Structures are given as C-alpha cells and as structure tokens.
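If you want the building blocks of each chain, they are given just below.
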Amino acid sequence: MKKPALHIQILIALVLGTIIGILVNPGEAPLDDARGRIEPRNGEVAIVEEAAGEMVMSVELFRERYETLAERAIRDGRVEPTEIAITRRRAHLVEDGRSVTLTYTRRVDGRAVVSKLEAPNAARFVERHPYWDTFYTERGGGFRAAVIAAARFVGDMFLRLLKMVTIPLIVTSLITGVSGLGTTAQLGSMFLRTLAYYAATSLLAITIGIAMVNLIRPGVNAQLPGGGEGAIQGGDESLLGVFVRLVQNMFPENPIQSLAGGDFLAIITFSILFAIFIIRTGGESGETLRRFFQSAFDVVMHLTMFVIALAPIGVLAFMTYATATQGIDIFRTLAWYMLTVFLALVIHAGIVLPLIVKFVGRRSPVRFAKAMSPALMTAFSTASSNGTLPLTMTCVEERAGISNRVSSFVLPLGATINMDGTALYEAVAVLFIAQAYASADPTFTLTFGMQITVAFTALLASVGAAGIPHAGLVMMAIVLQAVGLPLEAQGVIIAVDRVLDMCRTTVNVWSDSCGCTVVARLTGEPVAVPTAIAEAAKTG
Ligand code: ASP
C-alpha cells in the first residue's frame, strides 16, 4: 500500500494523539467543599487551607483580592483568625514520568484560585502533600501514567532532533542564500521589505486582537486571579531595556559562543555578515567558501528531511501529552477569554494573511496553506517556532517552490522577531486583565491611550519573545507593567496558556511563511516548480 503524503500522516497523528490524550486524561474529580482559615502571619495575611497549604500575602493585596473576606477578617486594622469556606473544589492529577503534578482549582470568597502542587515522584508527592494521599491512590499511577510518560519522552526526543538540525540549518542556509545573491545591493532591499512585512502584519494582528477584545469584552465581570501559583517571574524588564538587549544580542562578542548557546539573532547577524564578505572577498577564497557552504547546506537539508519524516510520530506524542495533561474546569472559567483569542487568531490567519498572500504574494492561499501544512501542524503540536523552523524551511522551499535565498532570510529572522500570533495574544490577554480590573475596581479605567500603549508594547514584547513554548507569557510582564497592572494577574491565565500557545505559534509560523511569498514577489525572485511536492508525497 502506498504511504500517505506527509501532511496526511501528520493530520492523522494529530487526530489520533488528541483521541489517545483524551482517553488517558485522568480527568478532574470534584471534591466536597472545605474549610480554611485566615490568620495573621508576621504582619501579613495567610489563607490556610489543608489541601494547598498556605497562601501568604500583604494586607493590601489581601484587601484588594478578597474584598468581602477582608471585611470579615480585618477588625480595627488587625487581622483576626477567621474561618472561611472554600467551594467548588476540583483537582486534576498528571504524572508524566518526571513529576507528579496536581492542579487544584477552587473558589475562595467567590474568586477562582489555582494552585499547582508538584513533586518529582509519587512517593515524594504523598509525603509532601499528605492531604492528597487517598486522591493519589485512586487516580495516580497505572497505565495512564505510563502512556503520558511515554508521550512526553517521545515528544521531547523529536524536539531534540529538530533542535539538533536547526542551528546548522540556519547557518548553512543563510550563508548559501545570501552569498548566492551575487551582489550586496539586493540584500538591503530584501531586508527592508522583510522588516516592513513583519511590522505591518504584526500591527494588523494586534489591531484585530484589540478590536475583538473590545467587541466581546471577555474581562467584564471575570473573576480574576489570586493564586498560589502566582505570576511568571523574570520578565520585569523596562521597555527600553528590552529594546537595548535585543539590539545588543544581534551583535555577538563571540560568534562561537552564540552558536553554542543557540542564540538566534546573533547567529543570523554573523551569518549574513560572513556571507556579505564572501561576496566582497570574491576570487578563489570567496568561491571556495561559497561552495563549501552550499555542500554543507545540501547535507544538512538531507539530514533535516530525515528528521522531518519522523514528524508524524513526534506530533502524535505531543498531542497525546497536551490533551492528556489539561484540566477542564479552568477552561470553563476562561471560556470567553479563550474564545476571543481564538477568534482573533482565526480572523488574522484565515482572512488577513491569505488576502496578503493572494494580492501581494500573488499565489493561491489555499494551495500555499496546503504546502505549508506539515509545518503548521508541527507548530501547533510543539508550540515552538524555533523547533518548527526546519520544517518551515523545507516546506517553503521544497513544497511551495520559493527560493532558498528568500526562505533562508525571511524564516530564521521571522521565527525570532515576527510573531503575529504572540503580538495579538499579548494585546488580548492584557486588555482582558484590564477589563476585569476595571469592572472590579471603579477607580481603574481603561483609556484609549492605554490601549495604544498596549498595542505598541505588545509589538515589542512579541519581537523580544523567543520562539519557544510559553515565551509570550513571560514577555507579557512588559505589557502589564506599561499600563500599571499587577503581574499576579497572570495567575489564572497561565493555566490555559498551553492551548493558546499552540494556536498562536501556528499563526506565528504561518505569518513567516506568508512573508516568503510577499518578499519573493517584491524582490522578483523566481518561483521554482515545486517538484518536491511530488517527491515529498513519495517519500512521505
Ligand atoms: N511559543 C511561541 C512560539 O514559539 C512564542 C509564544 O509563547 O508566544 O512562537
């Protein structure tokens, strides 16, 4: 029997992985309502709960988050020990061979609170969290845990293989592509067109996001956060700081170190400069090097093809893991928010970008999307633009017939700095949080000026975000800070980030790919007959 084409194989893997994941998902167990206590703790307030331990916070934060509780527990400015009720408790357990994680959602004074309790293995988990002993005995271990652990291992192996070829691919392909231009005059125009495309599409994406969030208003009356889990740390840089770091990172002090560290921007700059000076040097030296990199590129490309043939297995594993580890309850809490992000992404990727491909790139968007489908599905399951890059490059060149000169330039740079999906997501998420705060606190209003600030900082955050899972969430701190919102606000949306990350990464990769059609057309690059479509179908 003939093997189905690669994109069909990946599609089957995607669906199959989802089904297996749902089957092995341990599911959520509702628990009876519980009691907890408010207690003073060294000048701060502790919410003590047997199941999740203590949440300690400042008095101001406590007042802000748990208004009605604060009314009961604070007398004459002093925190009095007070009994409280904890309702709508649910727990979701995940064991993946490396850790045991329990996601615990409940309402404290009407507010959704999420905690993640973790331990490296089952014995430690029960020891650290004795409250969950019976729960673990009922739900943990067994066949499900084994399938999830296997899925995680296989998925990670696939991602490792992809990462293994990524840096050699960027270097050889960029040097081959740029040195093949013949003159450096063309390079400037290609660079400017590429940047113009990145900026234009990211801003369009943000505009759509902002329009949708104002239309649907998912944050109005949404119960925001609180959470033992707290905000993601490490993104609290100033705007200028991010920009300066970005520019600095483009120029490595030591290119070998950047290569070893997998520092995309630095590698891209050095490779382009190296290629420019291959052209400038010319003569025998230039020609020898050009041929050397051309040969290296051919070999790396073959290696890449070999890794890509394994994509269906990788996608199967990633999808199994992703669906097996999600808890459902939190999706209900954030349904409107997720729907807003999703619809905005669909409008951008399904209407705006295809129109650009059709009228500027002068190609059939449907056929182009089909050619790109292996990369898009891999982006969806891995949630990493960097990891998907080898597939994106192969699809653009081999399946869509766009020259290596364009793809080697537009794609690696795009994987790092052009993230339409992430930009849109930043804007929607921050405005969602702002809406929720504004509806809870009448003194906080969301002005038009703030929306503009969100738009531009979201753009910068998307440029600064690395093409790895959850990078967008870390960078969100910049946008939150720019409009004066607390980082803790991320507490709840972290829980659904993986799913949204999968969607936005697909849009990121799709936008980079569409950029290739635009830049190829605007710079008059010839489009090869994509013979490899037939070949890819043959080899799978
Ligand atoms: N995961 C995204 C990417 O790789 C970045 C993000 O978190 O938004 O493109």
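Residues numbered from 1 in each chain as written. Predicted model: local features only at pLDDT ≥ 70, side-chain atom pairs only at ≥ 80, totals over all residues. Heavy atoms only, no water.

A. Seen up close, the nonpolar core. Counting residues in each nonpolar core, the largest one holds 130 residues, and the members touching the most others are Leu334, Tyr337, Tyr425, Leu485 and Ile493. Counting residues per element, this core draws most heavily on helix α18 (residues 420-440), at twelve residues. Leave out the neighbours within four places in its chain, and Tyr337 touches Pro218, Tyr425, Ala429, Phe432, Ile493, Val496 and Leu500. Grouped together as the second largest cluster of nonpolar side chains are 30 residues, Ile38, Tyr66, Ala73 and Trp132 included. (Core = buried A, V, L, I, M, F, W, Y, C linked by side-chain atoms within 4.5 Å. Buried < 20%, exposed > 50% of the residue type's maximum accessible area, 1.4 Å probe, protein only. Helix = DSSP H or I, 4+ residues; strand = E, 2+ residues; numbered from the N terminus. Contact = heavy atoms within 4.5 Å.)

B. Inspection of the environment of Glu488 at higher detail. Secondary-structure assignment places Glu488 in the loop between α20 (471-482) and α21 (490-493). Between the C-alpha atoms of Glu488 and Ala477, which are eleven residues apart in sequence, the distance is 9.7 Å.

C. Region of interest: the site of the ligand. Around the ligand, the structure places 16 residues, and the nearest of them are Ser385, Thr422, Gly472, Asp501 and Arg504. Within the side chain of Ser385, one N or O atom sits 2.4 Å away from an oxygen atom of the ligand. At 3.2 Å from an oxygen atom of the ligand is found a main-chain nitrogen or oxygen belonging to Gly467. Secondary structure elements with two or more residues in the shell around the ligand: α20 and α22 (497-522). No other element matches α22, which puts four residues into the shell around the ligand. Grouping the amino acids of the shell around the ligand by side-chain chemistry returns six nonpolar, eight polar and two charged. (Near = heavy atom within 4 Å. Polar contact = N/O pair within 3.5 Å; in protein donor to acceptor, adjacent residues only side chain to side chain. Nonpolar A, V, L, I, M, F, W, Y, C, P; charged D, E, K, R; others polar.)

D. Broad picture of empty space enclosed by the protein. Applying the stated criterion to the full structure yields four cavities of 30 Å³ or more. Estimates place the volume of the largest cavity at around 80 Å³. Along the walls of the largest cavity sit Arg88, Thr105, Arg106, Arg107, Ala112, Val113, Val114, Asp329, Ile330 and Thr333, which together make up its complete lining. Where the lining of the largest cavity is concerned, the elements lending two or more residues are β8 (100-108), β9 (111-119) and α13 (329-333). The class makeup of the residues in the lining of the largest cavity is four nonpolar, two polar and four charged. (1 Å grid on protein atoms, 1.4 Å probe; cavity = no way out; pocket = protein on both sides within 12 Å on 5 of 7 lines; lining within 4 Å. Points joined across faces, edges and corners; volume = space filled by probe spheres on them.)

E. Representation of a negative patch on the surface in the model. On the surface, Glu44, Glu60, Glu64, Glu67, Glu71 and Asp441 cluster together into a patch of negative charge. The topology assignment puts Glu64 in helix α2 (residues 59-65). Under the relative-accessibility criterion, Glu64 is labelled partly exposed at 47%. (Patch = residues over 30% accessible without salt bridge, like charges linked within 9 Å, V, L, I, M, F, W, Y side chains within 5 Å. Areas by Shrake-Rupley, 256 points an atom, 1.4 Å probe, with all protein chains shown as cover. Salt bridge = Lys/Arg side-chain N within 4 Å of Asp/Glu carboxyl O. Lys, Arg positive; Asp, Glu negative; His and termini not counted. Charge placed at Lys NZ, Arg CZ, Asp CG, Glu CD.)

F. Broad picture of the pairing of strand β3 (residues 44-49). Sheet analysis places strand β2 (residues 34-41) next to β3, joined by six bridges and oriented antiparallel. Paired with Arg41 across the bridge in β3 is Glu44. From the end of β2 to the start of β3, which pair antiparallel, there are two residues, and Asn42 there has a positive phi angle of about 45°. One ladder, built from five bridges, connects β3 with strand β4 (residues 53-57); its direction is antiparallel. Bridging across to β4, Val45 finds its partner in Met57. (Pairing = 2+ DSSP bridges.)

G. Spatial organisation of the side chain of Ser408. Within the secondary structure layout, Ser408 lies in helix α17 (residues 404-417). A polar side-chain atom of Ser408 sits 3.3 Å from the main-chain carbonyl oxygen of Ser173. In contact with Ser408, not counting residues within four places along its chain, are Ser173, Leu174, Gly177 and Met393.

H. Region of the structure containing the state of the cysteines. Tallying each qualifying case throughout the model produces zero disulfides. The thiol of Cys514 is not disulfide-bonded; the next cysteine sulfur, from Cys516, is found 8.9 Å away. Classification of Cys514 as buried rests on a relative accessible area of 0%. (Disulfide = S-S within 2.5 Å.)

I. Main features of the packing of aromatic side chains. Under the definition given, this model contains twelve aromatic pairs. For the pair Tyr104 and Trp132, a centre-to-centre distance of 5.1 Å together with 75° between the ring planes defines the contact as edge-to-face. Placement of the pair is Tyr104 in strand β8 and Trp132 in the loop between α4 (122-128) and α5 (133-139), with a sequence separation of 28 residues. This pair shows no difference in class: Tyr104 is buried, exactly as Trp132 is. (Phe/Tyr/Trp six-rings, centres within 6.5 Å; stacked < 30°, edge-to-face > 60°.)

J. View of the layout of surface pockets. What the largest pocket holds in volume is close to 930 Å³. Surrounding the largest pocket, 32 residues form its lining, Lys116, Tyr321, Thr325, His470 and Arg498 being those nearest its centre. Contributing elements (two or more residues each) for the lining of the largest pocket: β7 (82-95), β8, β9, α6 (142-179) and α12 (311-324). Per-class residue counts for the lining of the largest pocket are 13 nonpolar, eleven polar and eight charged. Of the pockets and cavities examined, the second largest pocket occupies roughly 600 Å³. Those elements giving two or more residues to the lining of the second largest pocket turn out to be α7 (185-216), α8 (239-250), α10 (264-281), α17 and α19 (448-464). Its residues placed into classes, the lining of the second largest pocket shows 21 nonpolar, three polar and no charged.

K. Main features of the environment of Arg65. Position of Arg65 among the secondary structure elements: in helix α2. As for Arg65 and Asp109, which are separated by 44 residues in sequence, their C-alpha atoms are 9.5 Å apart.

L. Structural detail: the pattern of salt bridges. Under the criterion given, the structure shown has 14 salt bridges. A salt bridge links Glu83 to Arg37; its shortest N-O distance comes to 3.2 Å. With Glu83 in strand β7 and Arg37 in strand β2, the pair connects residues that are 46 residues apart, well separated along the chain. What makes Glu83 partly exposed here is its relative accessible area of 39%. The partner of Glu54 in a salt bridge is Arg41, and the shortest N-O contact between them spans 2.5 Å. Placement of the pair is Glu54 in strand β4 and Arg41 in strand β2, with a sequence separation of 13 residues. Residues joined in a network through salt bridges with shared partners are Arg35, Arg37, Glu39, Arg41, Glu54 and Glu83.

M. Local environment of unusual backbone geometry. Phi angles above zero are rare outside glycine, and Asp76 is one such case at about 50°. Topologically, Asp76 is positioned in the loop between β5 (74-75) and β6 (78-79). A residue is classified by how much of its surface remains accessible, and Asp76, at 83% relative accessible area, is exposed. Despite not being glycine, Arg217 shows a phi value in the positive range, around 50°. Locating Arg217 in the fold gives a position in the loop between α7 and α8. Taking the relative accessible area as the measure of exposure, Arg217 reaches 43% and is therefore partly exposed.

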